[in-house]
Amino acid sequence: MSATKHWTLEEVLAVYNSPLLELVYRAATVHREHHNPREVQISTLLSIKTGGCPEDCGYCPQAARYHTDIETNDLMTVDQVTQAAIRAQASGASRLCMGAAWRNVKDNEEFEHVLDLVRTVNKLDMEVCCTLGMLTENQAKRLENAGLYAYNHNLDTSEEYYKEVISTRGYEDRLKTLDNVRKTNITVCSGGIVGMGEKAEDRCGMLLTLSQLDPQPESVPINALVAVEGTPLEEQHPVSIWEMVRMVATTRIVMPRATVRLSAGRTEMSTEGQALCFMAGAGSIFAGDKLLTTPNPDLHSDLDMFDLLGLQPTQAYSKHEKREPQTETEKPAAERQIKWSRPGHKIEANVAYAKKE
């Protein structure tokens, strides 16, 4: 299947709803055309600044307005991040993704510090990724100059269902951020969350939007919702493994060259279930005891799974060349400040949970 195919929602839905074993076979065939099926990248997700986010994302324990007992912390130091990266690398990780609980990046000392963190991890010969919120073109360029390999900014779900989960920012701002990243040589990482109460049409709608980006994202994370007590989505039941297999397989077929990342929610998945996801095209997992603030499988169990399934960790920079940091002789001229949108609607559940004690 060509990566340049122009999909329709009806076509994506037809793929998603096709008989499961046929779907997995088709996805596995596409996967082998573009990827080494025995290689799965091990990545580590590190929360470099936890909690206190002003957004109202219904799934997120880091939103300041919800009461989730998350321990907040300031930005990690260079030494703390260096030690975390070295530990991750020793465990087989070839990518470190650093996440900060921000609405958007601001041109201040904290951003300067993040640039230093990017340069530091880059020197360790790890692919360095950041997820920092909404990003301007100028900020993306500075991250590129610092040696950033990938930028993650998830769409979360379809544009239609997005309004049922988040009211403090607009879908178009997510797309604008991805466009700003795409103006650099930083690779794009964008996917979503399954199990927030959305329909199959919403899942496929998100994939359709991602597939229409030109070029398509290099990475597409597929997360299963981890329902956290104190958030508006705390009562959501975990999605079945079959839904995750369908989502991974559909993503693989719709975006053949992207790395499909089996991300949050693996603690609810058996080894057999994960094996089906790898067969259907998943080419990456996050390893470590936490994904930002939510639980993740033990590293040793992941390594045992790799051994059992005959998988091997992907080496860093196997798909795109490393970019060396560029020395900034002076800071880029300040750009016109983007006024990120704040939709006017309210989500009753989000408001109610913000008022809970």
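The structure we're discussing is the one just above.
Parameters and conventions
- Residues numbered from 1 in each chain as written.
- Predicted model: local features only at pLDDT ≥ 70, side-chain atom pairs only at ≥ 80, totals over all residues.
- Heavy atoms only, no water.
- Buried < 20%, exposed > 50% of the residue type's maximum accessible area, 1.4 Å probe, protein only.
- Helix = DSSP H or I, 4+ residues; strand = E, 2+ residues; numbered from the N terminus.
- Pairing = 2+ DSSP bridges.
- Right-handed = clockwise from strand over helix to strand, strands pointing away.
- Contact = heavy atoms within 4.5 Å.
- Core = buried A, V, L, I, M, F, W, Y, C linked by side-chain atoms within 4.5 Å.
- Salt bridge = Lys/Arg side-chain N within 4 Å of Asp/Glu carboxyl O.
- Expected span 1.5 Å × (residues − 1).
- Axes fitted to C-alpha atoms, helices over the stretch in contact; angles between N-to-C directions.
- Left-handed = near helix turned anticlockwise from the far one by under 90°.
- Nonpolar A, V, L, I, M, F, W, Y, C, P; charged D, E, K, R; others polar.
- Polar contact = N/O pair within 3.5 Å; in protein donor to acceptor, adjacent residues only side chain to side chain.

Caption draft 1: Expanded view of the pairing of strand S9 (residues 282-286). Counting buried positions along S9 yields 5 of 5 residues, so the element is predominantly enclosed. Alignment of strand S1 (residues 39-49) against S9, held across 3 bridges, turns out to be parallel. When the bridges of S9 are listed, Ser 43 appears paired with Phe 286. Bridge count for strand S8 (residues 259-262) against S9 is 3 bridges, and the pairing is parallel. Bridge assignment links Val 260 to a residue of S9, and that residue is Ala 282. Note that the unit made of S8, helix H10 (residues 271-279) and S9 has a crossover that is right-handed.

Caption draft 2: Representation of the environment of Ala 150 within the structure. Here Ala 150 lies in strand S4 (residues 150-152). Along the sequence, Ala 150 and Cys 129 sit 21 residues apart, while their C-alpha atoms lie 4.5 Å from each other. The contacts of Ala 150, once residues within four sequence positions are left out, are Arg 95, Val 128, Cys 129, Cys 130, Ile 186 and Thr 187.

Caption draft 3: Summary view of unusual backbone geometry. Residue Pro 215 is bonded to the preceding Asp 214 through a cis peptide linkage, with omega at 0°. Structurally, Pro 215 can be placed in the loop between helix H8 (200-211) and strand S7 (219-224). Positive phi values are uncommon outside glycine, yet Asp 125 reaches one of about 60°. Its relative accessible area of 44% is what places Asp 125 among the partly exposed residues. Even without being glycine, Asp 156 reaches a positive phi, approximately 75°. You can see Asp 156 is positioned in the loop between S4 and helix H6 (159-162). Taking the relative accessible area as the measure of exposure, Asp 156 reaches 3% and is therefore buried.

Caption draft 4: Fine view of the pairing of S8. Because side chains alternate across S8, one face comprises the buried residues Thr 259 and Arg 261, and the other comprises Val 260 and Leu 262, equally buried. In the sheet, S7 pairs with S8 via 4 bridges, with the strands oriented parallel. In the strand pairing of S8, Ser 219 is matched with Thr 259. Once you follow S7 into helix H9 (residues 241-254) and on to S8, the crossover reads as right-handed.

Caption draft 5: Looking closely at helix H5 (residues 137-146). In terms of residue burial, H5 counts as a mostly covered element, since 8 of its 10 residues are buried. Buried residues along H5 sit in contact with helix H4 (109-123), S4 and helix H7 (171-182). At the exit of H5 stands Gly 147, carrying a positive phi of roughly 105°.

Caption draft 6: Examining the nonpolar core more closely. In terms of nonpolar packing, the biggest core is built from 90 residues, with Ile 48, Tyr 59, Met 98, Leu 143 and Tyr 151 touching the most fellow members. Per element, the largest residue contribution to this core is 7 residues, and it comes from H9. Setting aside residues up to four positions removed in sequence, Met 98 forms contacts with Leu 46, Ile 48, Val 81, Leu 117, Val 118, Val 121, Val 128, Cys 129, Cys 130, Thr 131 and Leu 132. Within the second largest apolar cluster, 7 residues are counted, among which are Leu 45, Cys 129, Phe 286 and Tyr 317.

Caption draft 7: Examining the pattern of salt bridges more closely. What the rule picks out here adds up to 17 salt bridges. The partner of Asp 156 in a salt bridge is Arg 174, with the nearest N and O atoms 3.9 Å apart. Of the two residues, Asp 156 sits in the loop between S4 and H6 while Arg 174 sits in helix H7, which places them 18 residues apart along the sequence. Comparing Asp 156 with Arg 174, the two get one shared label, buried. Salt bridges sharing common partners tie together Glu 55, Arg 103, Asp 156, Arg 169 and Arg 174.

Caption draft 8: Focus on H9. Taking 1.5 Å as the rise per residue, H9 with 14 residues should run 20 Å; its terminal C-alpha atoms sit 20 Å apart, in good agreement. Burial runs high along H9: 11 of the 14 residues are buried. Among the residues of H9, those classed as buried are Met 244, Val 245, Arg 246, Met 247, Val 248, Ala 249, Thr 250, Thr 251, Arg 252, Ile 253 and Val 254.

Caption draft 9: Examining the packing of helix H3 (residues 78-90) against H4 more closely. Two elements in contact, H3 and H4, have axes whose closest approach is 10 Å; the angle formed by their N-to-C orientations is 30°. Both H3 and H4 take part in a crossing whose hand is right-handed. Packed against H3, whose contacting residues are Val 78, Val 81 and Thr 82, the element H4 presents His 113, Leu 117, Thr 120 and Val 121 at the interface. Among the residues making up the contact of H3 with H4, the classes are represented as 4 nonpolar, 3 polar and no charged.

Caption draft 10: Spotlight on the side chain of Gln 41. Positionally, Gln 41 belongs in strand S1. Owing to a relative accessible area of 5%, Gln 41 belongs among the buried residues under this scheme. A polar contact of 3.0 Å, which involves the side chain of Gln 41, links it to the side chain of Ser 94. At 3.0 Å, the side chain of Gln 41 forms a polar contact with the side chain of Glu 127.

None of this, on its own, says anything about what the molecule does.
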